[in-house]
Amino acid sequence: HVSSEMGIRASLIPGFLDALITPETSNIFRLAPKQSQLELAITDYIGNRLGVTDVAVISDIAGYGLAAAEAQVASLEAAGANVVYRAQIDPAQPDVTPDVSRAIEAGAKALVPWTVNAGLMARLMNTRATLGWDAPIVGHSALGSGAVPHTHLRAHENGLDPVCRLLLEQTK
């Protein structure tokens, strides 16, 4: 929280869930883009860049993941996409194979994860690769954080996955 001598109180938050911003909390300054900005960017990328209409949306079971996934589904459907599979996963769930398999069986051509849990994102990526599913994973900006690629790459240190092998060689 930041307070001034004039009695104005403001908060700086790293999060971006739109539902948290109300007239009473309008003095909150975001350090990240709004959730709706991410939703629209994801929806646009899936529909206009990838040309994909059948999408799986998987979130964690935290309030943020659930609320963000709900808004993402609404954004995708408003743009004409079909959310063919939707799931909520406990971030501590060690094996996401059943969930990813159901997304594949439902005909999803892209996967949108809503979680900030690096381990869950890495397990989704690893399972996707293990099952030979080449659908793109499009979504949350945490996918680009250092923790997710590091966790994902550690699972492939044997170098058998060609993409991971190249990435591992670059990090040496």
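The rules we used
- Residues numbered from 1 in each chain as written.
- Predicted model: local features only at pLDDT ≥ 70, side-chain atom pairs only at ≥ 80, totals over all residues.
- Heavy atoms only, no water.
- Pairing = 2+ DSSP bridges.
- Helix = DSSP H or I, 4+ residues; strand = E, 2+ residues; numbered from the N terminus.
- Right-handed = clockwise from strand over helix to strand, strands pointing away.
- Polar contact = N/O pair within 3.5 Å; in protein donor to acceptor, adjacent residues only side chain to side chain.
- Salt bridge = Lys/Arg side-chain N within 4 Å of Asp/Glu carboxyl O.
- Buried < 20%, exposed > 50% of the residue type's maximum accessible area, 1.4 Å probe, protein only.
- pLDDT = per-residue confidence, 0-100.
- Contact = heavy atoms within 4.5 Å.

1. Overview of the pairing of strand 5 (residues 82-89)
- Of the strand pairs in this sheet, strand 4 (residues 54-60) and strand 5 are connected by 7 bridges, and their pairing is parallel. Directly across from Asp54, in strand 5, lies its bridge partner Asn82.
- A crossover connection joins strand 4 to the parallel strand 5 through helix 2 (residues 63-78); in handedness this β-α-β unit is right-handed.

2. Quick word on the side chain of Thr115
- If you trace the backbone, Thr115 turns up in the loop between strand 6 (110-114) and helix 4 (118-130).
- At 2.6 Å, the side chain of Thr115 and the side chain of Asp60 are in polar contact.
- Side-chain polar atoms of Thr115 contact the backbone nitrogen of Asn117, separated by 3.0 Å.

3. Some details on the pattern of salt bridges
- Applying the stated rule across the entire model yields 2 salt bridges.
- Between Glu70 and Arg86 there is a salt bridge, and its shortest N-O distance comes to 2.9 Å. Residue Glu70 is located in helix 2, and its partner Arg86 is located in strand 5; the two are separated by 16 residues in the primary sequence.
- Classification of Glu70 by relative accessible area gives partly exposed; the value is 46%.
- Among the ionic pairs, Asp99 bridges to Arg102, the shortest N-O distance being 3.2 Å. In this pair, Asp99 and Arg102 are both assigned in helix 3 (residues 97-105), 3 residues apart and thus about one turn of the helix distant.

4. A closer look at the confidence of the model for the protein
- Here the protein shows a mean pLDDT of 76. Residues at 70 or above account for 62%.
- Confidence drops under a pLDDT of 50 for residues 10-15, and excluding neighbours within four residues, the segment shows 17 contacts in the predicted structure.
- Every residue in residues 150-167 is under pLDDT 50, and counting partners more than four places away or in other chains gives 18 contacts.

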